[in-house]
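Structural overview
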Amino acid sequence: HKLAADDGLRSAVILVLANKQDLPQAMRTDEIAKHLALHSLKSHPWYIQPCSALTGDGVFEGLGWVHGALRNRRTARVGG
């Protein structure tokens, strides 16, 4: 949360790539959100993308979310 409060990151979006989701003991996304206290972060949109660096699953989907979230922020600023 300290990093998100920096003025230089005011318009940033937060993507957490939850790697190793191909393993049975991988932490669930709700557990990750709890440990990172993401639900209390109201100033930035955030998303947790399950992924596997080994197979590449989920990586492009996460980057797609970043693209869409930044586009939505830009549209909201221009149109709002």
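Remember, predicted model here, so these are calculated numbers, not experimental data.

Focus: the pairing of strand S2 (residues 46-50)
Strand residues, when the strand is regular, have side chains that alternate between the two faces of the sheet. When strand S1 (residues 14-18) meets S2, the two strands line up parallel, connected through 5 bridges. In the sheet register, Leu15 faces S2, and the bridge partner there is Tyr47. Each parallel crossover has a hand, and for S1 linked through helix H1 (residues 29-35) to S2 it is right-handed.

Topic: unusual backbone geometry
At Lys20, a position not held by glycine, the phi torsion is positive, near 70 degrees. By secondary structure assignment, the location of Lys20 is in the loop between S1 and H1. The phi angle at Ala37 is positive, at roughly 55 degrees, despite the residue not being glycine. When you line up the elements, Ala37 lands in the loop between H1 and S2.

A look at the side chain of Gln49
By the element assignment, Gln49 lies in strand S2. Residue classification places Gln49 among the buried positions, given a relative accessible area of 9%. Separated by 3.5 Å, the side chains of Gln49 and Tyr47 make a polar contact. The contacts of Gln49, once residues within four sequence positions are left out, are Leu15, Val16, Leu17, Ala18, Gly58, Glu61 and Gly62.

About the thresholds
- Residues numbered from 1 in each chain as written.
- Predicted model: local features only at pLDDT ≥ 70, side-chain atom pairs only at ≥ 80, totals over all residues.
- Heavy atoms only, no water.
- Pairing = 2+ DSSP bridges.
- Helix = DSSP H or I, 4+ residues; strand = E, 2+ residues; numbered from the N terminus.
- Right-handed = clockwise from strand over helix to strand, strands pointing away.
- Buried < 20%, exposed > 50% of the residue type's maximum accessible area, 1.4 Å probe, protein only.
- Polar contact = N/O pair within 3.5 Å; in protein donor to acceptor, adjacent residues only side chain to side chain.
- Contact = heavy atoms within 4.5 Å.

Any link to function would need more than the numbers given here.
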